[in-house]
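One-letter residues, chain by chain:
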2 protein chains.
Amino acid sequence: MPIEIPEVVIERLPVYARALNDLLSRGREVVSSQELGTELGVTPAQIRKDLSYFGRFGKQGRGYNVRRLLEELRQILGLERQWSLALIGVGRLGRAILSYGGFYPQGFHIVEAFDSDPKAVGRRIGALVIKDVSVLEETLRQTHVDIGIVAVPAEHAQAVIDTLVATGVHAILNYAPIAARVPANVHIRHIDPVLALQSMTYYLKAHEFAAAK
Amino acid sequence: MPIEIPEVVIERLPVYARALNDLLSRGREVVSSQELGTELGVTPAQIRKDLSYFGRFGKQGRGYNVRRLLEELRQILGLERQWSLALIGVGRLGRAILSYGGFYPQGFHIVEAFDSDPKAVGRRIGALVIKDVSVLEETLRQTHVDIGIVAVPAEHAQAVIDTLVATGVHAILNYAPIAARVPANVHIRHIDPVLALQSMTYYLKAHEFAAAK
């Protein structure tokens, strides 16, 4: 059993990996935690502490080898391989997700898509044929997928998530605006622009208050 | 100057508010931190600690009055008022954002939209007429908006963000997959499904490793 690494640390690693990838594409070979921190708006101490969970990467005073650190992070995060995804919900949002060009190049392949609308079921989108959500459980018991993407209306989301969990899916990307319940061994991330907006208005209020004084 | 409240606490408050709203709509009058924690997958201690930054809400052993706590949180977060937003980028993603029904009922009104595509500029979407991004700065100096939504391609995102900041926008919701730089007094939230996926594959790898042993 490895030491328990805080989930917030794991969530920051992809951000570091992206920044390192940018640096590499600009031809940079070495970067200090100071510079990486400035780039990302975090403290160098936090970067050093986060990376220390995974061993020693940099030499004191020398900075990090950009390519080596990126490769290590990709290895740690499992970004060097392909992951298969099932999309549930192919309404307007689901279609935007299917047409989003950012998943495939990063190794995330949507291999199944489901909807409950009879007008959508059977339609071909690229290489995918949309299946009826009634065969979701049956299909995922036969075809392994690593991650489920939930893009159904809020009132159906928990039931879909429960089905995904029942078939052995351990990672869920949830676009429905609900506080979804999953077992402790299942990981879930929420894509929720309203919550993101609501976490900023606090500061806007405070700012207006300060400006009015 | 009030005490500094950690940003992670502020980010959790909208999640609490949503759960309380759900409870209220189900007719619940009182909730314990235990039950709220179970609902949200966090510890009751964390809920009590987060709320303690804002004063005393619950009576020991009595739980929280759902309606009162919700109203307090809405007040703290500024959710009881209307906020005006400008959308920059009206491609496929931007159109999905414009048609998303979740913003308006929560007080988030998109009042301006901009794009650089001559085919998009001048088009009417609902009550909005898409403006050329070249008049973004001029427009926002005349018309106050509280929040900017950035839905332009990655290579243009930092320039758009810089323009928003220059016109006095203090909150940005960024959909572009970049590590954007903003001054310390500007708040930014990223909507990035790839980063969310990449923060789960770590656990999928670990899970497979454990299952294979």
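Located above this text is the structure these notes cover.
The sections below set out a description of the structure shown in this document. These numbers were taken from a predicted model, which means no experiment stands behind them. (Residues numbered from 1 in each chain as written. Chains lettered and ligands numbered in written order. Predicted model: local features only at pLDDT ≥ 70, side-chain atom pairs only at ≥ 80, totals over all residues. Heavy atoms only, no water.)

### Observations concerning the side chain of Arg189(A)
(1) Moving on: Summarising the element assignment, Arg189(A) is placed in strand E10 (residues 187–190).
(2) Moving on: With a relative accessible area of 9%, Arg189(A) lands in the buried category.
(3) Moving on: At 3.0 Å, the side chain of Arg189(A) and the side chain of Glu7(A) are in polar contact.
(4) Moving on: Apart from the residues lying within four places of it in its own chain, the contact partners of Arg189(A) are Glu7(A), Glu11(A), Ile172(A), Leu173(A), Asn174(A), Ala196(B), Ser199(B), Met200(B) and Tyr203(B). (Helix = DSSP H or I, 4+ residues; strand = E, 2+ residues; numbered from the N terminus. Buried < 20%, exposed > 50% of the residue type's maximum accessible area, 1.4 Å probe, protein only. Polar contact = N/O pair within 3.5 Å; in protein donor to acceptor, adjacent residues only side chain to side chain. Contact = heavy atoms within 4.5 Å.)

### Observations regarding the sheet that holds strand E3 (residues 83–88) of chain B
All names here are of chain B.
(1) Moving on: Ordered in space as E7-E4-E3-E8-E9-E10, the 6 strands form an open sheet in which the pairing is parallel. Only two strands of the sheet have a single neighbouring strand rather than two, namely strand E7 (131–132) and strand E10 (187–190).
(2) Moving on: Sheet analysis places strand E8 (residues 147–150) next to strand E9 (residues 171–174), joined by 4 bridges and oriented parallel. Paired with Gly148 across the strands is Ile172, a residue of E9.
(3) Moving on: Where helix H7 (residues 154–166) meets the sheet, it contacts E3, E8, E9 and E10, and its direction lies at approximately 170° from that of E8. (Pairing = 2+ DSSP bridges. Axes fitted to C-alpha atoms, helices over the stretch in contact; angles between N-to-C directions.)

### Quick look at the side chain of Thr139(A)
(1) Moving on: With respect to the element layout, Thr139(A) can be found in helix H6 (residues 136–142).
(2) Moving on: In this structure Thr139(A) touches Glu112(A), Phe114(A) and Lys131(A), once residues within four positions along its chain are discounted.

### Notes on the relation of the copies chain B and chain A
(1) Moving on: Superposing chain B onto chain A takes a rotation of 180° combined with a translation of 0.0 Å along the rotation axis, leaving an RMSD of 0.0 Å. Taken together, the rotation and translation relating the two chain copies correspond to the operation of a two-fold axis. Residue Ile191(B) of chain B places its C-alpha closer to the rotation axis than any other residue of that unit, at 3.3 Å.
(2) Moving on: Interface residue correspondence from chain B to chain A reaches 100%, placing this contact among same-surface, isologous pairings. (Least-squares fit on C-alpha atoms with pLDDT ≥ 70 in both.)

### Section: the interface of chain B and chain A
(1) Moving on: In this complex, chain B contributes 57 residues to the contact, which on the side of chain A involves 57 residues.
(2) Moving on: Carbon and sulfur atoms make up 68% of the area that chain B and chain A hide from each other, which totals about 5,500 Å².
(3) Moving on: Run the count over chain B and chain A and you get 4 salt bridges.
(4) Moving on: One salt bridge connects Glu39(A) with Arg181(B), and the closest N-O pair in it is separated by 3.8 Å.
(5) Moving on: Along the contact surface separating chain B from chain A lie 14 residue pairs in polar contact (both at pLDDT 80 or more).
(6) Moving on: Counting only elements with at least two residues in the side of chain B that touches chain A, the list comes to helix H1 (7–25), helix H2 (33–40), helix H4 (66–77), E3, helix H5 (92–99), E9, E10 and helix H8 (193–212) of chain B.
(7) Moving on: Considering each element in turn, the side of chain B that touches chain A owes the most residues, 15 residues, to H8(B).
(8) Moving on: Of the residues contributing to the side of chain B that touches chain A, the split by class is 33 nonpolar, 11 polar and 13 charged. (Buried area = accessible area lost by both parts, 1.4 Å probe. Salt bridge = Lys/Arg side-chain N within 4 Å of Asp/Glu carboxyl O. Nonpolar A, V, L, I, M, F, W, Y, C, P; charged D, E, K, R; others polar.)

### Focus on helix H5 (residues 92–99) of chain A
Residues and elements named next belong to chain A.
(1) Moving on: Turning to H5, its buried residues number three or more, namely Gly94, Ile97 and Leu98. In an axial view of H5, the angular spread of the buried residues amounts to 100°, which keeps them on one side of the axis.
(2) Moving on: Packing partners of the buried residues in H5 comprise strand E3 (83–88), strand E4 (108–115), strand E5 (124–125), strand E6 (128–129) and strand E8 (147–150). (Arc of directions from axis to C-beta.)

### Focus: the packing of aromatic side chains
(1) Moving on: Applying the stated criterion across every chain yields a total of 4 aromatic pairs over all chains.
(2) Moving on: Their ring planes at 85° and their centres at 5.0 Å tell us that Tyr100(A) and Phe103(A) sit as a pair that is edge-to-face.
(3) Moving on: With relative accessibility at 32%, the residue Tyr100(A) sits in the partly exposed group.
(4) Moving on: Ring geometry for Tyr202(B) versus Tyr203(B): centroids 5.1 Å apart, planes at 85°, classification edge-to-face. Neither residue differs from the other here; Tyr202(B) and Tyr203(B) are each classed as buried.
(5) Moving on: In this arrangement the basic side chain of Arg81(A) is found over the ring face of Trp83(A), its NZ or CZ atom lying 3.6 Å from the centre. (Phe/Tyr/Trp six-rings, centres within 6.5 Å; stacked < 30°, edge-to-face > 60°. Lys NZ or Arg CZ within 6 Å of the ring centre and 35° of its normal.)

### Observations regarding the sheet that holds E8(A)
Strand pairing in a sheet relies on backbone hydrogen bonds, with the paired strands running either antiparallel or parallel.
Residue and element names in this part refer to chain A.
(1) Moving on: On the basis of which strands lie adjacent, the open sheet formed by 6 strands has the order E7-E4-E3-E8-E9-E10 and parallel pairing. Of all the strands in the sheet, the pair left with one neighbour each is strand E7 (131–132) and E10.
(2) Moving on: H5 contacts E3, E4 and E8 of the sheet and is inclined by roughly 160° relative to E3.

### Regarding the pairing of E8(B)
The side chains of a regular strand alternate, residue by residue, between the two faces of the sheet.
Residues and elements named next belong to chain B.
(1) Moving on: Burial along E8 is two-sided: Ile147 and Ile149 facing one way and Gly148 and Val150 facing the other are all buried.
(2) Moving on: Bridging between E3 and E8 involves 4 bridges; their strand directions are parallel. For Leu87, the partnering residue across the bridge sits in E8 and is Ile149.
(3) Moving on: With H7 bridging E8 and the parallel E9, this β-α-β connection has right-handed handedness. (Right-handed = clockwise from strand over helix to strand, strands pointing away.)

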